[in-house]
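Below, each chain spelled out in residue letters.
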Amino acid sequence: MCGIVGYIGEEQAAPILLDGLSKLEYRGYDSAGIAVYNGTEIQMIKSMGRLKVLSELTHDGAKLPGTAGIGHTRWATHGAPSDVNAHPHFNKTGSIVVVHNGIIENYLKLRQKLIRRGYEFVSETDTEVVAHLLDYYYQGNPLEAIAKLMHRLEGSYAFGIIFQDHPGEIYAVRKDSPLIVGASSRGNLIASDVPAILKYTRSVYFIENEEIVRLSKESMTFYNIDEEEIEKQPVTIDWDINAAEKGGYEHFMLKEMYEQPKAVRDTFSPRIKDGDIVIEEMGLSDEDIKAVKKIYIVACGSAYHTGMTCKYVFEGLARIPVEVDLASEFRYRNPILEPGTLVIVVTQSGETADSLAALREAKKRDVPVLGIVNVVGSSIAREADHVMYTWAGPEIAVATTKAYSTQLIAQYLLAMKFARVRGEMPDEMFASMLEDMERLPEQIEMLLSNKEKIQRFANRYVAARDVFFIGRGIDYAISMEGSLKLKEISYIHSEAYAAGELKHGTISLIEEGTLVNAVVTQEELFKKTISNMVEVKSRGACVMAVTQVGNTEVEKAADYVIYIPKTNRYFTNSLAIIPLQLFAYYVSIGKGCDVDKPRNLAKSVTVE
Ligand code: F6R
């Protein structure tokens, strides 16, 4: 949940570290720090607060000269955000320095042991244990000390480490937390994620679990936990570098919402070939598809909401029973995974700890796992038996928009493919769904162009205390995402309810002026949801409705109506979510919240 970077080369390290951290701030932003080796000693500056505080303290890096260093941006887990808990962390003499992403689960036991051996702790973090344990094992050979350390640690980690008596080297290692290494003509780098090093190189090595790397300015050597040298091949990253910059937009979230037409198109168009759906990288044969008897879609947060929608799509089109599980529940609930089950893990980052654990749980039980993943080469992409990529490009804003939209598209494509292979979908229906899918990008664009109207409406609700979202079927799944978007970036309490459930308790929360957002896109359910809107309206609610063009009947029960263009009934989420994203965004900026970096949240949840 934190971001780490490291650099060793010809140039001053500190500005490169600060620049790398600025691309990783989405991973955590309650404190930051850097440590740079100046040839004689390791100097460190760290501070609570955003990266800009660190940039000021270090005079944009000028206060820490040296050509090798490591840096960290933190999302607190052990110990509150504070200067002292910020990383890096030193051993007692200041000769070993460490940055860490992940959680050391047995840190309390190790801490007690180290205290008994005379070590003193200055912070409350689990990471400080690592610095002292390295000190304890270190006899002049960094590799040996790191391997011994790894044998003692339980939990997840990616470390960047510098040893003062090994000038010209930095070390990195990982287990269950992401870590990449980049090779450039100006030096070598480590980072938690690709955007941090894109400016310097596109040639990247993915470090696997329990691998160690030693970097010097002109070389990199990889080892396994037994300290044996191993070979690794670089991967070329072909992301557009501008995709990781704001490019004139006020916020990443706004930019990413505007990138949705392209992201959606990039995700479906290479897969539609000669009127058929071909998902080249996936490696599931028609026989494999026919053999599937049950699907589990497992994910967290917004990715889970795409699964909630696509349960209806898979069941409706391919007639396969689908269960949708939160990864944090699935991993512990001992699910019944019989032969013929396919587990689909949906994830933007490919590093979400619970989703990764759910994947491993399914694999342990010999059930094939298909990962729907955005980040190429991420842990879930590598560990899943089959992968289907979403082509959203880098998503920086903590609140997902474009990755969410592409996760929907990927699952629509899969459901259609499954339906076709299993003989559940007539040709005309398939062709007409493909046509509807191809129209989605321009329809999304059209909805985005209505942003001023939604902004005016949103401005009326910046002081709201509670907002409810209601819908039935797919509309309920859309409501869940609309509600999450609003609460995570505006801090307004919000809940989504299946509209039919209101009268079983929730309706007692409705007061004069409470905002209820109703999603009404499923034709066969129009009348039912409209009755629920009437019920809340007659109890004083103000009702905003999102519905398909032509469904003017909702106007009788709504104070404000947003129309979405007509599309296939299984695709309405892709359109209805756009005004709800805009609504959340404008309420958030109306309240003066930090839209891209909401409090207490981080983009990539690599801890449990
Ligand atoms: C909300 C949001 C989160 C993520 C969730 C899963 O806007 O972004 O709810 O959807 O943390 O993350 P990934 O998709 O990276 O597994």
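Up top is the structure.
Visitor: So what's going on with the environment of Val520? Residues and values would help.
Guide: Mapped onto the elements of the fold, Val520 is located in strand E25 (residues 515–520). Classification of Val520 by relative accessible area gives buried; the value is 1%. In the structure, Val520 is positioned 246 residues away from Asp274 in sequence and 34 Å away in space, judged by C-alpha atoms. In this view, Val520 contacts Asp475, Phe526, Thr529, Met533, Val546, Thr547, Gln548, Asn551 and Val554; residues no more than four positions away in its chain are not counted.

Visitor: Provide a residue-level description of the packing of aromatic side chains, including the pertinent values.
Guide: The full count for this structure, using the stated rule, is 15 aromatic pairs. Ring geometry for Tyr205 against Phe222: centres 5.1 Å apart, planes inclined by 40°, an arrangement best described as tilted. Of this pair, Tyr205 sits in strand E11 (residues 203–206) while Phe222 sits in strand E13 (residues 220–223), placing them 17 residues apart in sequence. The burial state of Tyr205 is the same as that of Phe222; both residues are buried. A centroid spacing of 5.3 Å and a plane angle of 45° characterise the contact between Phe457 and Tyr461, whose relative ring orientation is tilted. We classify Phe457 as buried; its relative accessible area is 2%. Owing to a relative accessible area of 10%, Tyr461 belongs among the buried residues under this scheme. An aromatic cluster is built from Phe457, Tyr461, Tyr560 and Phe583, whose rings are joined through pairwise contacts. Lying over the aromatic face of Tyr119, Lys92 brings its terminal NZ or CZ to 4.5 Å of the ring centre.

Visitor: Go over the sheet that holds strand E12 (residues 211–215), please, and point to the residues and values.
Guide: Think of a sheet as strands paired side by side through backbone hydrogen bonds, with each pair either parallel or antiparallel. The strand order across the open sheet formed by seven strands is E5-E6-E7-E8-E12-E13-E14, and the pairing between neighbours is antiparallel. Two strands close off the open sheet at either side, each with one partner strand: strand E5 (89–90) and strand E14 (229–230). Inspection of the sheet shows E13 paired to E14 by two bridges, in the antiparallel sense. Looking at E14, one finds that Tyr223 is bridged to Glu229. The strands that helix H4 (residues 127–137) touches are E5, strand E6 (96–104) and strand E7 (155–163); relative to E6, the one it contacts most, it runs at about 130°.

Rules of the game
- Residues numbered from 1 in each chain as written.
- Predicted model: local features only at pLDDT ≥ 70, side-chain atom pairs only at ≥ 80, totals over all residues.
- Heavy atoms only, no water.
- Helix = DSSP H or I, 4+ residues; strand = E, 2+ residues; numbered from the N terminus.
- Buried < 20%, exposed > 50% of the residue type's maximum accessible area, 1.4 Å probe, protein only.
- Contact = heavy atoms within 4.5 Å.
- Phe/Tyr/Trp six-rings, centres within 6.5 Å; stacked < 30°, edge-to-face > 60°.
- Lys NZ or Arg CZ within 6 Å of the ring centre and 35° of its normal.
- Pairing = 2+ DSSP bridges.
- Axes fitted to C-alpha atoms, helices over the stretch in contact; angles between N-to-C directions.

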